[in-house]
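Coordinates in review
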Amino acid sequence: MYHLSLQGAATLSDIYIGAGVFEQAAKRVAEKFKPTRIHVVTDSNVAPLYLDRLCAEFSLNITTTVLPAGEQYKTLDTVAGIYADLSAAGLTRSDLVIALGGGVVGDITGFAAATYLRGISLCQIPTTLLAQVDSSVGGKTGVDLPQGKNLVGAFYQPELVLIDTDILSTLPRRIFCDGMAEVIKYGCISNPAILELTAQPDFRGNLEQIVYECVRIKRDVVQQDERDTGLRMILNFGHTIGHAAEKAGHFTELSHGQAVAIGMVQAAKLGAALGEADLSGQIASLCQAHDLPTELPYPAEDIYAALLRDKKRTADAINFILVHPLGKAVIHKIPLEQLHQLLAAQ
Ligand SMILES: NC(=O)c1ccc[n+]([C@@H]2O[C@H](COP(=O)([O-])OP(=O)(O)OC[C@H]3O[C@@H](n4cnc5c(N)ncnc54)[C@H](O)[C@@H]3O)[C@@H](O)[C@H]2O)c1
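What you are looking at is a predicted structure, and each value in this text was computed from that prediction instead of being measured.

**A look at the overall build of the protein**
Counting secondary structure elements, the protein contains 13 helices and 11 strands. Expected size for 346 residues packed as a compact globule is a radius of gyration near 20 Å; at 20 Å, the protein falls within 12% of this value. Dimensions along the principal axes, computed over C-alpha positions, put the protein at roughly 60 × 40 × 35 Å. Entry remark: accessible area of the protein is about 14,200 Å², with carbon and sulfur atoms responsible for 52%.

This is how it looks when you write it as structure tokens:
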């Protein structure tokens, strides 16, 4: 088992990673908090698998909210439902909310915890690979609006994150592979040893170490740039073209992980066109080994149009994360006109 601490401006997060961490939930909670009530939020897929098991760990009476599964429920209405349940259960600021689920449950519950009574203690128990290596750590919480994804939110660090890699055994393969895109991203931007581990046929045997190495990178980056004003941008490697591809596919044709895989390979091609060593083949092979696509399924013009609406765009350029050499990320400002030409030439 691994332990990491993330010292944020206001909160110290303790992060435990390993097979069997789930069974230690009551012990870890008792070390950090003195709640009289605990409320668990989960979703309709995770609840039948893990909710009773979690509740059985505690001697306290636990109240629960089971959300319908899916990104379409990541809304303010869902948050209002959680507030109602927290209020009905009589939670006070000395009590604890636990998010048990993937990134959707984690983001919604984190936002509810950040805002209910102006902040109530939060523990994240992530159950997807993406949530384990990415969304449960770092304190970004929020929901979608009809106008766009993640438009409302708060930075709110969980004080405790319990990452049990055994929980991933029930994850459908496609969702597991989505998370592998983020794992490969960490290897590309910071630690090529992760790529060597994921390239092995029996890599699942090393999952605990792989997740730990990824979370360690996220912890280090967030600790230096908690509010996402600079360095944290490197975590977006593959996400700029990835988001554009998700938009071009109306958020239904590609999953997030698939889009990130395509985005990483396309970013590597941009790097090569700008004169760096061409890493696109190497990154593509790593993604393909986990059933992730690597070719843009949309015309370059559609991607460019979507990129023009990117948050990282300034008046005449877009900040791109490029990797060179493998394991080192750099922020590179590409003028819009040059980007247009490079995309058309790919
Ligand atoms: N806060 C952040 O920093 C951050 C970072 C990246 C992504 N996100 C957000 O994360 C969300 C995506 O998260 P996700 O990919 O985990 O999706 P998700 O939460 O929708 O989970 C995917 C599916 O897997 C099911 N599931 C979860 N755990 C399971 C398990 N152990 N066994 C069987 N089924 C299980 C869920 O019910 C769901 O149907 C997006 O909303 C995205 O915006 C947030």
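**Brief notes about the side chain of Glu 226**
Relative to the elements of secondary structure, Glu 226 occurs in the loop between α8 (207-224) and α9 (239-248). Put simply, Glu 226 is tucked away with no salt bridge, and the nearest opposite charge, on Arg 227, sits 5.7 Å away. For Glu 226, the side chain forms a polar contact with the main-chain nitrogen of Ala 9, separated by 2.8 Å. In this structure, Glu 226 is in contact with Gly 8, Ala 9, Phe 155, Gln 157 and Arg 232, ignoring residues within four places of it in sequence.

**Focus on the site of the ligand**
Near the ligand, the surroundings consist of 25 residues, among which Asp 43, Glu 71, Gly 103, Thr 127 and Thr 128 are the closest. Between the ligand and Asp 43 there is a distance of 2.7 Å, counted from an oxygen atom to a side-chain nitrogen or oxygen. Contacts to the ligand include Thr 127, whose side-chain N or O atom sits 2.7 Å from a nitrogen atom. In isolation the ligand has 870 Å² of accessible area, and contact with the protein removes 85% of it. Secondary structure elements with two or more residues in the shell around the ligand: α2 (47-57), α4 (103-115) and α5 (129-135). The class makeup of the residues in the shell around the ligand is 10 nonpolar, eight polar and seven charged.

**Focus on the packing of aromatic side chains**
Using the criterion set out here, one finds four aromatic pairs in the structure. Their ring planes at 10 degrees and their centres at 4.0 Å tell us that Tyr 2 and Tyr 212 sit as a pair that is stacked. With Tyr 2 in strand β1 (residues 2-7) and Tyr 212 in helix α8, the pair connects residues that are 210 residues apart, well separated along the chain. Note on Tyr 2: relative accessible area 25%, which makes it partly exposed. Considering the side-chain rings of Phe 176 and Phe 203, the 6.2 Å spacing of their centres and the 40 degrees angle between planes classify their relative orientation as tilted. Taken as a pair, Phe 176 in helix α6 (residues 173-189) and Phe 203 in the loop between α7 (192-199) and α8 lie far apart in primary sequence, 27 residues in all. Lying over the aromatic face of Tyr 186, Lys 185 brings its terminal NZ or CZ to 4.6 Å of the ring centre.

**Points about the sheet that holds strand β2 (residues 12-17)**
The mixed open sheet is built from seven strands, whose spatial order is β1-β2-β9-β6-β5-β3-β4. The open sheet has two edge strands with one neighbour each: β1 and β4 (62-67). Within the sheet, the average angular offset between the axes of one strand and its neighbour, ignoring direction, is 15 degrees. For strand β3 (residues 38-43) and strand β5 (residues 96-101), the ladder comprises four bridges, and the chain directions are parallel. Directly across from Val 41, in β5, lies its bridge partner Ala 99. Set on the sheet, helix α1 (residues 25-32) makes contact with β2, β3, β5 and β9 (160-163); between it and β9 the angle comes to about 165 degrees. This element, helix α3 (residues 76-88), spans β3, β4 and β5 of the sheet and lies at about 165 degrees to β4.

**Description of the packing of α6 against helix α10 (residues 256-273)**
Where α6 contacts α10, the two axes come as close as 7 Å, and the packing angle between them is 35 degrees. Crossing handedness for the pair α6 and α10: left-handed. Contact residues: Asp 178, Ala 181, Glu 182, Ile 184 and Lys 185 in α6; His 256, Gly 257, Gln 258, Val 260, Ala 261 and Met 264 in α10. Among the residues making up the contact of α6 with α10, the classes are represented as five nonpolar, three polar and three charged.

**A few points about the side chain of Ser 280**
Secondary-structure assignment places Ser 280 in helix α11 (residues 280-288). Residue classification places Ser 280 among the buried positions, given a relative accessible area of 7%. Contacts of Ser 280, omitting those with residues within four sequence positions, involve Val 265, Ala 268 and Lys 269.

**What about the domain arrangement of the protein?**
Here the protein is described as being made up of domain 1 (2-171) and domain 2 (176-345). Taking only C-alpha atoms into account, the centre of domain 1 sits 27 Å from that of domain 2. Across the contact, 26 residues belong to domain 1 and 27 residues belong to domain 2. Three residues, Tyr 2, Leu 129 and Val 133, lead the burial of domain 1 against domain 2; their summed loss comes to 25% of the area buried on that side.

The rules behind these values
- Residues numbered from 1 in each chain as written.
- Predicted model: local features only at pLDDT ≥ 70, side-chain atom pairs only at ≥ 80, totals over all residues.
- Heavy atoms only, no water.
- Helix = DSSP H or I, 4+ residues; strand = E, 2+ residues; numbered from the N terminus.
- Rg over C-alpha atoms; globule rule 2.2 N^0.38 Å.
- Areas by Shrake-Rupley, 256 points an atom, 1.4 Å probe, with all protein chains shown as cover.
- Buried < 20%, exposed > 50% of the residue type's maximum accessible area, 1.4 Å probe, protein only.
- Lys, Arg positive; Asp, Glu negative; His and termini not counted.
- Salt bridge = Lys/Arg side-chain N within 4 Å of Asp/Glu carboxyl O.
- Polar contact = N/O pair within 3.5 Å; in protein donor to acceptor, adjacent residues only side chain to side chain.
- Contact = heavy atoms within 4.5 Å.
- Near = heavy atom within 4 Å.
- Nonpolar A, V, L, I, M, F, W, Y, C, P; charged D, E, K, R; others polar.
- Phe/Tyr/Trp six-rings, centres within 6.5 Å; stacked < 30°, edge-to-face > 60°.
- Lys NZ or Arg CZ within 6 Å of the ring centre and 35° of its normal.
- Pairing = 2+ DSSP bridges.
- Axes fitted to C-alpha atoms, helices over the stretch in contact; angles between N-to-C directions.
- Left-handed = near helix turned anticlockwise from the far one by under 90°.
- Domains from an automatic or database assignment.
- Buried area = accessible area lost by both parts, 1.4 Å probe.

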